[in-house]
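# Remarks on the overall topology
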Amino acid sequence: MNVTLFVTCLVDLFHVNVGKATVELLERLGCTIHFPEGQTCCGQPAYNSGYVKEAKEAMKHMIRTFEHAEYIVTPSGSCATMFKEYPHIFQGDGEWEERAQRLADKTYELTQFIVDVLKVEDVGARLEGKATYHTSCHMTRLLGVKDAPFTLLQHVKGLEVVPLPNAHNCCGFGGTFSVKMGPISEQMVDEKIQCIEQVEADYLIGADCGCLMNIGGRIERKGKPIRVMHIAEVLNSR
């Protein structure tokens, strides 16, 4: 199966190991990975900040870049959601709406692709310890991917996955929200960390690097002994 990787800005700039783990994991599952070097930002930060005209130029570039892909897979529920929003953004545009729809229809978040397309629930991973999982807002509420991560994590040998109290609460990142509303964001992420500590987890696992960067950064500043991992890294553990 031919898979084209949409690596995302945060993976490219801050979480390179997540991209590496994604590629190794999918190759182990029998996929051939393609990586268009022309890919850039999907336009989400600019679009969410109200710069619609400017964001559309980035979106058109991404549509052209991934137009010939068979499947598009990304280790980010948030960025997958943005691709799914393209048809709405270009609604009524005779040149771009249909092309945006084709892009959206073949785009998958990583765990969604593994479970729903590859029909795999056990990837042969092993990680010792107790973990809890952060359900990111965009992935669960907008993309609608809720069960796939837990399906895969419950098959990781040696890993005890415990429910995270108040899991539905945002971690406070929210993209530009954490910049514009810093004090509120700080209180939200502190509450999230308190919930993680409550279950005495060794690992905090998530599927969006924005959330993990926010939570992980606060954990580090507070000196907490909790390891933050992207689910791709967990599933690639042997």
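The model shown is predicted, which means the values in this text are computed figures rather than measured ones.

### Some details on the sheet that holds strand β8 (residues 227-230)
- The four strands are arranged β6-β5-β7-β8 in an open sheet whose pairing can be described as parallel. Strand pairing shows two members of the sheet lacking a second neighbour, β6 (157-162) and β8, which therefore form its edges. Direction aside, the axes of adjacent strands within the sheet are offset by 35° on average.
- In the packing of helix α12 (residues 209-222) onto the sheet, the strands contacted are β7 (203-206) and β8, and the crossing angle to β8 comes to about 170°.

### Quick look at the environment of Asp 208
- Along the polypeptide, Asp 208 turns up in the loop between β7 and α12.
- Residue class for Asp 208 comes out buried when judged on its relative accessible area of 5%.
- When the C-alpha atoms of Asp 208 and Asn 2 are compared, they prove to be 23 Å apart, with 206 residues separating the residues in sequence.
- Not counting residues within four places of it along the chain, the set of residues in contact with Asp 208 comprises Ser 76, Gly 77, Ser 78, Ser 136, Met 139 and His 230.
- A distance of 2.9 Å separates polar atoms of two side chains, one belonging to Asp 208 and the other to Ser 76.
- There is a polar contact of 3.0 Å between the side chain of Asp 208 and the backbone nitrogen of Ser 78.

Calculation criteria
For every chain, the first residue of its written sequence is number 1, and the numbers climb from 1 along that sequence. Confidence filtering applies because this is a predicted model: local features only for residues at pLDDT of at least 70, side-chain atom pairs given and counted only at 80 or more, and all residues used for totals across whole chains, interfaces and linings. Derived side-chain values reflect all non-hydrogen atoms in the structure, with water molecules and hydrogen atoms excluded from consideration. Following DSSP output, two strands are said to pair if at least two bridges run between them. Strands here mean DSSP runs of E at least two residues long; helices mean DSSP runs of H or I at least four residues long; both are numbered from the N terminus. Between the N-to-C directions of two axes lies an angle of 0 to 180 degrees, each axis being a line fitted to C-alpha atoms and, for a helix, fitted only over the stretch in contact. Between two residues, a contact is recorded if the distance between any of their heavy atoms is within 4.5 Å. Under the scheme applied here, a residue whose accessible area is under 20% of the maximum for its type counts as buried, over 50% as exposed, and between as partly exposed, the area being computed with a 1.4 Å probe on protein chains only. Under the rule applied, a polar contact is a pair of N or O atoms within 3.5 Å (in protein, one hydrogen donor and one hydrogen acceptor; residues adjacent in sequence only if both atoms are side-chain atoms).

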